[in-house]
Amino acid sequence: MAEQILGKVAFVSGAARGIGRAVAIRLAQEGADVIAVDAAKAVPSQGGPAATPEDLAETVRMVEKLGRRIISRQADVSDLSTLTEVVEEGTAELGRLDIVVANAGVGGNPAPLTAISAQEWQNVLATNLTGMFNTARATVPHIISGGQGGSVVLVSSSMALRAQPGMGPYTSAKSGLAGLMQTLALELGEHLIRVNSVHPTTVRTPLLLSDANLRLFRPDLENPTAADAEPAFRTINVLPVPYVEPEDVANAVYFLASDEARYVTGVRLPVDAGYALK
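The protein chain goes by NAD(P)-dependent oxidoreductase in an unreviewed UniProt entry, where it is assigned to Mycolicibacterium frederiksbergense. Quoted straight from UniProt, the Sequence similarities (unreviewed entry) entry for the protein chain says "Belongs to the short-chain dehydrogenases/reductases (SDR) family."

Listed below in structure tokens is the structure:
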């Protein structure tokens with residue numbers, strides 16, 4: 001353990017599985033305590049199977065196995081009031097807040113923008129963009145009041161760097177995070193709070209391997225499997241891989257949260273196997 005974040009407290013949204021769980025575990029491995037939130041139920045326009053309370057409980061078990069404290073709550077990031085209550089409860093119990101990882105997101109239901117309903121548009125933005133604002137609004141005051149500086153990391157997407165057809169609401173929301181991130185970086189710099197975003201390519205999570213995404217990548221098949229989609233996944237990356245692992249994204253988040261990145265702020269960091277180069 002390099003003691004870069006030893007004894008610090010991190011807030012992680014979407015922590016029940018996938019990238020969020022990997023981030024919670026990675027930060028705990030380096031000595032951080034965790035406030036973990038997840039809707040842990042179906043939300044509008046999820047685009048894949050929902051996480052469950054059992055998934056969130058497993059994240060808790062894995063963090064506790066590392067000897068770190070963790071507070072977990074079911075909370076939808078589109079609900080600012082509930083999110084604020086959870087953050088206040090967590091910081092009161094753990095004593096501080098240093099790191100925020102805004103990760104919770106939905107995939108939406110792939111379709112051309114001209115076929116997307118207004119409700120679908122609103123649903124995706126409510127979680128993927130407004131949910132990020134809500135997370136910052138609920139957490140950042142606690143970092144400021146601590147007077148020690150800190151780090152905020154927004155989990156965006158490689159689609160914010162290079163769009164793809166059929167994912168308009170998702171791409172628009174993830175692209176909007178660039179403005180949110182840069183504004184926060186400018187406004188919070190005086191408090192020694194750094195703000196950055198990470199932009200993963202396809203990541204091997206339940207969201208990527210959902211039926212909707214598999215059909216998006218293999219429209220020629222009626223019921224494509226993950227194995228059927230892997231060749232198509234490979235075509236979008238420069239490196240010859242179909243996807244990265246949640247732990248690859250978690251490693252990047254840890255770097256941005258640590259003192260090794262103490263002068264890194266306002267940066268869009270791709271973890272994309274070269275996706276944005278194509």
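(A) Up close: the environment of Leu 97. Looking at where Leu 97 falls in the secondary structure, it is placed in the loop between helix H3 (80-94) and strand S4 (99-102). Once the C-alpha coordinates of Leu 97 and Ile 35 are considered, the two residues, 62 residues apart in sequence, prove to be 9.1 Å apart. Leave out the neighbours within four places in its chain, and Leu 97 touches Val 9, Ala 10, Phe 11, Ile 35, Val 87, Thr 91, Thr 139, His 142 and Ile 143.

(B) Representation of the sheet that holds strand S5 (residues 150-155) in the model. Strand order across the open sheet formed by seven strands is S3-S2-S1-S4-S5-S6-S7, with parallel pairing between neighbours. At either margin of the open sheet sits one strand with a lone partner, and together these are strand S3 (70-74) and strand S7 (268-271). The sheet shows a mean angle of 15 degrees between the axes of neighbouring strands, direction not considered. Bridging between strand S6 (residues 193-200) and S7 involves four bridges; their strand directions are parallel. Across the sheet, residue Val 198 finds its bridge partner in S7, namely Leu 269.

(C) Just the nonpolar core, in detail. Judged by nonpolar contacts, the single largest core of 34 residues is most densely connected at Val 23, Leu 27, Val 101 and Val 198. Looking at this core, the elements with two or more residues in it are strand S1 (9-13), helix H1 (18-29), strand S2 (33-38), helix H2 (53-65), S4, S5 and helix H9 (246-257). Here the element with the most residues in this core is H9; it accounts for seven residues. Residues within four places of Val 198 in sequence aside, it is in contact with Val 153, Leu 154, Val 155, Ser 156, Ser 157, Val 249, Ala 252, Val 253, Leu 256 and Leu 269. Among the nonpolar cores identified, the runner-up in size contains 30 residues, and Val 87, Val 100, Leu 154 and Leu 180 belong to it.

(D) Up close: the pairing of S1. Within S1, five of the five residues are buried, which leaves it mostly tucked inside the rest of the structure. Residues Val 9, Phe 11 and Ser 13 point to one face of S1 and Ala 10 and Val 12 to the other, with burial holding for every one of them. Summarising the sheet, S1 and S2 pair through five bridges and their orientation is parallel. Across the sheet, Ser 13 pairs through a bridge with Val 37, a residue of S2. Viewed along the sheet, the connection from S1 through H1 into S2 turns out right-handed.

Analysis parameters
- Residues numbered from 1 in each chain as written.
- Predicted model: local features only at pLDDT ≥ 70, side-chain atom pairs only at ≥ 80, totals over all residues.
- Heavy atoms only, no water.
- UniProt positions renumbered as here; feature names shortened; annotations may be inferred.
- Helix = DSSP H or I, 4+ residues; strand = E, 2+ residues; numbered from the N terminus.
- Contact = heavy atoms within 4.5 Å.
- Pairing = 2+ DSSP bridges.
- Axes fitted to C-alpha atoms, helices over the stretch in contact; angles between N-to-C directions.
- Core = buried A, V, L, I, M, F, W, Y, C linked by side-chain atoms within 4.5 Å.
- Buried < 20%, exposed > 50% of the residue type's maximum accessible area, 1.4 Å probe, protein only.
- Right-handed = clockwise from strand over helix to strand, strands pointing away.

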